[in-house]
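# Architecture and fold: a report
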Amino acid sequence: MTQVYDKVALIGLGLIAGSMAHAMREGGLAGRITGYARSAETRDTARQIALCEVCDSAAEAVAGADLVVLAVPVGAMADVMTQITPHLAPGVTITDVGSVKQSVIDAVTPHLPAGAHFIPGHPLAGTEHSGPRAGFASLFRNRWWLLTPLPDTDPDALARLDRLITAMGAKTDRMDAAHHDLVLAVTSHAPHLIAYTMVGVADHLRRVSGEEVIQYSAAGFRDFTRIAASDPTMWRDVFLHNKEATLDILGRFTEELFVLQRAIRMGDGQQLHDYFTRTRAIRRGII
Ligand code: NAD
């Protein structure tokens, strides 16, 4: 592999930034990798595992970097930009990995210095684990990494970022930010909310009935609710920043649920069977 950037600064040192650090090191894709996270404990952990050159300020991490990656919860993007803007190198490329795109664009663009290239992005890869120890080099392998470039995005800066991402093993695609937010509300955001709710319902039942519902959780419950172990700050921010699309999808989900609820009440086995046959075929088509 050949080096794509001279110095990459990772702001936020969690699952995604950590996985990028591993993948970039493994592929020799960056001359230097610096990093900063707000909490001293996270920085200490990152130092202990030698994730990258850990700095004690965001300003120090981004100084002289030709790529800056914003890998913090989406609600923290504007705060990070306030800290780093005066210290960015001329011609720097800034990307983010946030799960929501339009609100990140709105938060970042007012802070951009002249000549900086901002290319929003979102790796469709993750686990329910968080923090610097959660990262691993193969996280992005064969996964989509969506880029939502702005109309005036510099094509050379875009091509260079694309090279880095594909060298980490991911497949890239371009998408409009608003469309991204709607698609992800269906495929990621609403499922997380429903998984959190399912655990909440089981816990409520346990509390009112005293039964050990969760202790005897069946495979379906375990598989389905795995993602409810995900980081609360990250997911709070996703819902607060993708409000309209999430509410739209939850409305559609509720309608479907009512259809099935009615079919169960009416004993309409044919409707249930048809529905499950159709959705099974769709699910089996997803690799
Ligand atoms: P994480 O919780 O593992 O790490 C977040 C990091 O951000 C931590 O190091 C934390 O200390 C740091 N941080 C928080 N606020 C900060 C601030 N104001 N200044 C500096 N550092 C700050 O989270 P993650 O899973 O790596 O997620 C990072 C981003 O990637 C989020 O925007 C998330 O939406 C997105 N994302 C997550 C996943 C996933 O499955 N976890 C997948 C794709 C994209």
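## Some points on the overall build of the protein chain
- Assigned secondary structure in the protein chain consists of eleven helices and eight strands.
- Over its C-alpha trace the protein chain gives a radius of gyration of 21 Å, about what one expects of a compact globule, namely 19 Å for 287 residues.
- Going through the 287 residues of the protein chain one by one, you find that 45% of them count as buried.
- Across the protein chain, every contact between residues at least 6 apart in sequence was considered, and the portion connecting residues at least 24 apart equals 74%.
- Accessible area of the protein chain: about 15100 Å², with a carbon and sulfur share of 56%.

## So, the domain arrangement of the protein chain
- Considered domain by domain, the protein chain is made up of domain 1 (5–175) and domain 2 (179–284).
- Measuring from the centre of the C-alpha atoms in domain 1 to the corresponding centre in domain 2 gives 31 Å.
- Contacts between the two partners involve 16 residues from domain 1, matched on the other side by 16 residues from domain 2.
- Taking both sides of the interface into account, the surface hidden between domain 1 and domain 2 amounts to around 1300 Å²; carbon and sulfur atoms contribute 68%.
- For the pair domain 1 and domain 2, the number of links is one salt bridge.
- One salt bridge connects R226 with E128, and the closest N-O pair in it is separated by 2.8 Å.
- Along the contact surface separating domain 1 from domain 2 lie six residue pairs in polar contact (both at pLDDT 80 or more).
- The residue makeup of the side of domain 1 that touches domain 2, split by class, is seven nonpolar, seven polar and two charged.

## Observations regarding the packing of helix α7 (residues 177–209) against helix α10 (residues 243–266)
- Interhelical geometry of α7 versus α10 gives an angle of 65° and a closest axis separation of 9 Å. Compared by their axis directions, α7 and α10 come out roughly perpendicular. Crossing hand, α7 versus α10: right-handed. Counting all contacts with α7, which are made through D181, L182, A185, V186, H189, A190, L193 and I194, the residues of α10 involved are A245, T246, D248, I249, L250 and F253.
- When the residues that make up the contact of α7 with α10 are grouped by side-chain class, the tally is ten nonpolar, two polar and two charged.

## Concerning the nonpolar core
- With 38 residues, the main nonpolar core has L10, M20, M24, F140, W145, L164 and M168 as its most contacted residues.
- Looking at this core, the elements with two or more residues in it are β1 (5–11), α1 (15–27), β2 (30–36), β4 (67–70), β7 (144–147) and α6 (155–167).
- Looking at this core element by element, the count peaks at seven residues for α1.
- Beyond its immediate sequence surroundings of up to four residues, M168 is in contact with M20, A23, M24, L29, F140, R141 and W145.

Definitions and limits used
Residues numbered from 1 in each chain as written. Predicted model: local features only at pLDDT ≥ 70, side-chain atom pairs only at ≥ 80, totals over all residues. Heavy atoms only, no water. Helix = DSSP H or I, 4+ residues; strand = E, 2+ residues; numbered from the N terminus. Rg over C-alpha atoms; globule rule 2.2 N^0.38 Å. Buried < 20%, exposed > 50% of the residue type's maximum accessible area, 1.4 Å probe, protein only. Contact = heavy atoms within 4.5 Å. Areas by Shrake-Rupley, 256 points an atom, 1.4 Å probe, with all protein chains shown as cover. Domains from an automatic or database assignment. Buried area = accessible area lost by both parts, 1.4 Å probe. Salt bridge = Lys/Arg side-chain N within 4 Å of Asp/Glu carboxyl O. Polar contact = N/O pair within 3.5 Å; in protein donor to acceptor, adjacent residues only side chain to side chain. Nonpolar A, V, L, I, M, F, W, Y, C, P; charged D, E, K, R; others polar. Axes fitted to C-alpha atoms, helices over the stretch in contact; angles between N-to-C directions. Parallel < 35°, antiparallel > 145°, perpendicular 65-115°, else oblique. Left-handed = near helix turned anticlockwise from the far one by under 90°. Core = buried A, V, L, I, M, F, W, Y, C linked by side-chain atoms within 4.5 Å.

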